[in-house]
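Working through the structure, step by step
Each chain, letter by letter, is given below.
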Amino acid sequence: MAMGSLSEEDDFNPEINTTPLVDVMLVLLIIFIITIPVMNHAVKLDLPRAASQPNDVKPETISLSIDAEGTVFWNGDAINEADLAARIADAAKTEPQPELHLHAARTTQYEKVAQVMSAAQAGGLTKMGFVTETPK
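Here we summarise the structure given alongside this text. Note that this is a predicted model, so its numbers are computed, not measured. (Residues numbered from 1 in each chain as written. Predicted model: local features only at pLDDT ≥ 70, side-chain atom pairs only at ≥ 80, totals over all residues. Heavy atoms only, no water.)

1. A word on the layout of surface pockets
Its boundaries defined by the atoms lining it, the largest pocket holds a volume of some 150 Å³. What lines the largest pocket is His103, Ala104, Ala105, Arg106, Val131, Thr132 and Glu133. For the lining of the largest pocket, the residue count by class is 3 nonpolar, 2 polar and 2 charged. (1 Å grid on protein atoms, 1.4 Å probe; cavity = no way out; pocket = protein on both sides within 12 Å on 5 of 7 lines; lining within 4 Å. Points joined across faces, edges and corners; volume = space filled by probe spheres on them. Nonpolar A, V, L, I, M, F, W, Y, C, P; charged D, E, K, R; others polar.)

The structure is reproduced here in structure tokens:
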């Protein structure tokens, strides 16, 4: 009577059964053989051709500089605060809206930079960038 005893006569087979793996691979191969031609099937059409250039209008760039004394320059021309507000309002009405590049000297007071930024926002300009110099 053998009651679950461990003996040297027990057959232990350390080999992996690869039959299910082969079955799965064959099924996947059949699926790919069937679906690949369906995915590559296309209808040949003689479509009309048209040549045109994209109409990309680059926005104008406005260089707004502030020196150490707080003087504001619009594209190199010195202007006062009233003239700055008028020019910003005119620039905001153009389409596409110009980009405002703000150059400020290192020693410019932050208050003057904030006033110019506030005037640009109040005038309706939405694109503003700060220009810095790379150290040499």
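After presenting the structure, the write-up continues.
2. Points about the sheet that holds strand 5 (residues 128–131)
The strand order across the open sheet built from 5 strands is 3-2-1-4-5, with neighbouring strands paired in mixed fashion. Strands with a single pairing partner mark the edges of an open sheet, and in this sheet they are strand 3 (77–79) and strand 5. The sheet shows a mean angle of 30 degrees between the axes of neighbouring strands, direction not considered. Bridge analysis of strand 4 (residues 99–104) against strand 5 gives 4 bridges, and the strand direction is parallel. When the bridges of strand 5 are listed, Leu102 appears paired with Phe130. Seen against the sheet, helix 2 (residues 81–93) touches strand 1 (61–66), strand 2 (72–74) and strand 3 and runs at an angle of roughly 35 degrees to strand 2. Each of strand 1, strand 2, strand 4 and strand 5 is contacted by helix 3 (residues 110–123), which is oriented at about 170 degrees to strand 4, the strand it contacts most. (Pairing = 2+ DSSP bridges. Helix = DSSP H or I, 4+ residues; strand = E, 2+ residues; numbered from the N terminus. Axes fitted to C-alpha atoms, helices over the stretch in contact; angles between N-to-C directions. Contact = heavy atoms within 4.5 Å.)

Don't take any of this as a statement about function, it's just geometry.
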